[in-house]
Amino acid sequence: MNIVLLLASLLLPAAAHALPPQTPAAPILAAKSYLLYDHTSDQILVSQNADAHMEPASLTKLMTAYLVFDALKHGTLSSQQNLSVPAAALRTTSGESRMLLKAGQSVTVDDLLRGLIVQSGNDAAITLALNIAGSEAGFVDLMNKEAKRLGMNNTHFTNPVGMPDAQHYSSASDLALLAAAIVRDYPQHYPLFALRDYTFNDVTQSNRNRLLWIDPHADGMKTGHTETAGYCLIGSTKRDNRRLISVLLGADSDSLRATESQKLLNFGYQYFDAVRLYQKDQPVTRLRIWKGTASHVETGFRRDLFLTIPKGKFAQLKATVETHQPIFAPISGGQQLGVLKLTLDGKPYAEFPLLALDGVSLANVFSRGWDSIRLFIKELGNW
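Bear in mind that the values here come from a model prediction, so they are computed numbers and not experimental data.

*Asks:* Please set out the nonpolar core residue by residue, giving values where relevant.
*Replies:* Formed by 64 residues in total, the largest nonpolar core has its most connected members in Met63, Phe69, Leu113, Met221 and Ile234. Leaving out residues up to four positions away in the same chain, Leu113 has contacts with Val68, Phe69, Leu72, Leu128 and Leu192.

Here it is, written out as structure tokens:
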């Protein structure tokens, strides 16, 4: 089949950005692995060793929290439900983060979530895990199944808290996927990650995420630390309805993981813009359909399409639509019919599947026969 290219550059927004003419190189950070992700446009802006297997430490608890949120969603847990703290949850060693639970104590799911997220309590994590799955091994199985579903291909869990283990690992890329999934799937629970402290049993413990104090736009997400993992931090900030997520693994100190994460986030906001190219269900281009009840179908996207580009580069952004012709009915709404390809400064930059905004049914036998004749004549004209 022929490949037809349709220019779509006139469909791009007209707004331009008078900003720096050249984007500087990404900062080199004092960490083993890091990544900057633009949640608004679903783009990675900076990465270093982002797919390497790394020890996630207590960043593991983001998956534990995700599964608790899922249990709340499906009604297997409720926020005010009281759970009994099992003795197994208290088998912590010196130096572990704890919520300071007591065996047999009755604690609400809501309190346990705050202990898990704010205080990073291993005892809270194990209490929740055992009540959801019946055993720690059963909960770990759920963690790994969910990781696979989310596309975390460089991740394997062996415990719900992040204790060191040769087979317990993740990557900066995978942890960004997990953080983004929490923001996307459970916005009603996300404000828990912005809490600076939490008091339980008359003991107040502060959130170890220093970004919550040094960046007024920070509202999450989680820290982690072991001797072997170093200091880790997933940060999340939102400025003018644009959210960036940073993942930094293996820094040498608590203060360094915060300052290096801040550098990464500031770089993203200072040197990149997220531009909305098309609104949800906005027609991008109209395509010819053969042998259908309609001769054309509008194509576009099922969500607002944002693109993050270096500031000052919008004028260099060009778009083409690529489709395989001819296109035959039946067509279902949401079916991919082509690809929107974007170039920046003449180089490939991004591409997105172009979807049918409506369905087109198969025409009757007479209309299909007439289209066959017209296609035959059209092919003859191309010889």
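*Asks:* Tell me about the pairing of strand 17 (residues 347-356), and please be specific about residues and values.
*Replies:* Pairing geometry for strand 13 (residues 296-300) and strand 17, over two bridges, is antiparallel. Bridging across to strand 17, Gly300 finds its partner in Leu355. Across eight bridges, strand 16 (residues 336-344) lies against strand 17 in antiparallel orientation. Opposite Gly338, over in strand 17, you have Leu354 as the bridge partner.

*Asks:* An account of the packing of aromatic side chains is needed here, citing residue identities and associated values.
*Replies:* Applying the stated criterion across every chain yields a total of seven aromatic pairs. Residues Phe69 and Phe193 carry aromatic rings whose centres are separated by 6.5 Å and whose planes lie at 85° to one another, so their mutual orientation is edge-to-face. Here Phe69 is found in helix 1 (residues 61-74), whereas its partner Phe193 is found in the loop between helix 5 (172-185) and strand 6 (197-200), with 124 residues between them in sequence. Both residues of the pair, Phe69 and Phe193, belong to the buried class. A connected cluster of aromatic rings, assembled from ring pairs, spans Tyr66, Phe69, Tyr186, Tyr190 and Phe193. The cationic tip of Arg288 hangs over the ring face of Trp290; the distance from NZ or CZ to the ring centre is 3.9 Å.

How each quantity is defined
- Residues numbered from 1 in each chain as written.
- Predicted model: local features only at pLDDT ≥ 70, side-chain atom pairs only at ≥ 80, totals over all residues.
- Heavy atoms only, no water.
- Core = buried A, V, L, I, M, F, W, Y, C linked by side-chain atoms within 4.5 Å.
- Buried < 20%, exposed > 50% of the residue type's maximum accessible area, 1.4 Å probe, protein only.
- Contact = heavy atoms within 4.5 Å.
- Pairing = 2+ DSSP bridges.
- Helix = DSSP H or I, 4+ residues; strand = E, 2+ residues; numbered from the N terminus.
- Phe/Tyr/Trp six-rings, centres within 6.5 Å; stacked < 30°, edge-to-face > 60°.
- Lys NZ or Arg CZ within 6 Å of the ring centre and 35° of its normal.

By themselves these figures say nothing about function.
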